[in-house]
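What follows is the residue order along each chain.
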Amino acid sequence: MEEFHKVRRLPPYVFEQVNRLKASARAGGADIIDLGMGNPDLPTPQSIVDKLCEVVQDPRTHRYSSSKGIPGLRRAQAAYYARRFGVKLNPDTQVVATLGSKEGFANMAQAITAPGDVILCPNPTYPIHAFGFLMAGGVIRSMSVEPDASFFEPLERAVRHSIPKPLALILNYPSNPTAFVATLDFYKDVIAFAKKHDIIVLSDLAYSEIYFDGAPPPSVLEVPGAMDVTVEFTSMSKTFSMPGWRMGFAVGNERLIAALTRVKSYLDYGAFTPIQVAATHALNGDGSDIAEVRNVYKRRRDVMVESFGKAGFEVPPPAATMFAWAKIPEKFRHLGSLEFSKLLVEKADVAVAPGIGFGEMGDDYVRLALVENEHRIRQAARNIKKFMSTADETMHNVISLNAHR
């Protein structure tokens, strides 16, 4: 049977091929060290769990909740932005709770996109940034991801040559998967460009609290006037090790927040009320839980950079996020990221995320998630070192390591 129109518009889900290999290997008894999916392994802080358990005992909280988020939760998110970024938000009109930042992005795409609208999207980037708009009928125009002067030349070309004129520009800093971090000066230039050309800015700030070196990453909403054109998405998944709780936020421009809120009102009744109360408790905390999560990822990052480097697989130290973005070793680069990732599962018992899954510009790279403990990361490095050092002998009759793509 013919595929449905929206399904047909989506490319194959690259990660599924690696996931199938991983599942098959585990079924056969292999101990796969999984650095692929960005699924935090750290437990949610106990005080947050305790608050959930306390509130869930009240049967009144078992009823439908508020789609836009209970008032206390929205006030807590506004207070977080005031403390962290010096940004003032009206919790009634400029904050909406989402079921994770991913759902927020997808429903914002549904809210603002007409068929054929052009969206400026970094490449490589987190898949929902592009796929959410593709499913909504939009057209993606790929942009540079590095937040420097080179970012703006493609933007100027897009404005000159796109018909219709671009509707929105997507930002994602700290970036998943590249771990690039933007400066406030860069954001000032972006907002000036967006206001000049009447373009909406959608900023994914899911990794605002997972940083290691230097100053904390800024919010684009710190730029004067950014509120006129911008909505920013955050998530509690990584900051508080709450991925399965599905709690995030969209904040910013009132008109855009109202559009998202209206779409969501037709689609969901919001997160379970005890989860929203526990999330409120987390946001109103003293920040010690966030600091501990950050320290764990920093230790893992340092171990990965050191041990993989000794194994002959250079991993640049990410300044932020829970990921490293590493170029495939030269000897294997011609295979492409998907085939290289498959080889690591089959020959080294290590799973990584192929860069092609984040866009064609990522095909020379793999993403490594800091979701295994330090001992397991060192074991992954040893496995990879053994695989790479014996590849000529063990793979000469399987695949050419001297071929060119």
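Located above this text is the structure these notes cover.
These figures come from a predicted structure and were not determined experimentally. (Residues numbered from 1 in each chain as written. Predicted model: local features only at pLDDT ≥ 70, side-chain atom pairs only at ≥ 80, totals over all residues. Heavy atoms only, no water.)

**Student:** Account for the environment of Thr125, naming residues and giving values.
**Tutor:** Summarising the element assignment, Thr125 is placed in the loop between strand E3 (118-122) and helix H6 (127-135). Sequence-wise, Thr125 and Gly252 are 127 residues apart; in three dimensions their C-alpha atoms are separated by 22 Å. Apart from the residues within four sequence positions on either side, Thr125 is in contact with Asn172, Asn176, Pro177 and Phe358. Separated by 2.7 Å, the side chains of Thr125 and His129 make a polar contact. (Helix = DSSP H or I, 4+ residues; strand = E, 2+ residues; numbered from the N terminus. Contact = heavy atoms within 4.5 Å. Polar contact = N/O pair within 3.5 Å; in protein donor to acceptor, adjacent residues only side chain to side chain.)

**Student:** Account for the side chain of Thr321, naming residues and giving values.
**Tutor:** Along the chain, Thr321 turns up in the loop between helix H11 (288-310) and strand E9 (323-327). You can call Thr321 buried: its relative accessible area is 0%. Separated by 3.1 Å, the side chain of Thr321 and the backbone nitrogen of Phe323 make a polar contact. Here Thr321 is in contact with Pro174, Ser175, Ala179, Tyr207, Ile210 and Phe212, once residues within four sequence places are set aside. (Buried < 20%, exposed > 50% of the residue type's maximum accessible area, 1.4 Å probe, protein only.)

**Student:** Describe the sheet that holds strand E12 (residues 365-369), and please don't skip the residues or the numbers.
**Tutor:** On the basis of which strands lie adjacent, the open sheet formed by 3 strands has the order E9-E12-E11 and antiparallel pairing. The open sheet has two edge strands with one neighbour each: E9 and strand E11 (353-354). Pairing analysis gives 5 bridges linking E9 to E12, with the strands arranged antiparallel. Each residue of the ladder has a partner; that of Lys327, found in E12, is Tyr365. (Pairing = 2+ DSSP bridges.)

**Student:** Which residues make up the side chain of Ser307, and what values do they have?
**Tutor:** Its location among the elements puts Ser307 in helix H11. Note on Ser307: relative accessible area 13%, which makes it buried. For Ser307, the side chain forms a polar contact with the main-chain oxygen of Val303, separated by 2.7 Å. The residues touching Ser307, leaving out its near neighbours within four places in the chain, are Ile377, Arg378 and Ala381.

**Student:** Can you break down the pattern of salt bridges residue by residue, with the values?
**Tutor:** A complete count under the given rule lists 22 salt bridges for this structure. Between Arg60 and Asp58 there is a salt bridge, with its nearest N and O atoms 2.8 Å apart. Classification of Arg60 as exposed rests on a relative accessible area of 67%. The closest approach of N and O atoms between Glu153 and Arg157, which form a salt bridge, is 3.2 Å. Of this pair, Glu153 and Arg157 both sit in helix H7 (residues 152-161), 4 residues apart, roughly one helical turn. (Salt bridge = Lys/Arg side-chain N within 4 Å of Asp/Glu carboxyl O.)

The values are spatial; any link to function lies outside them.
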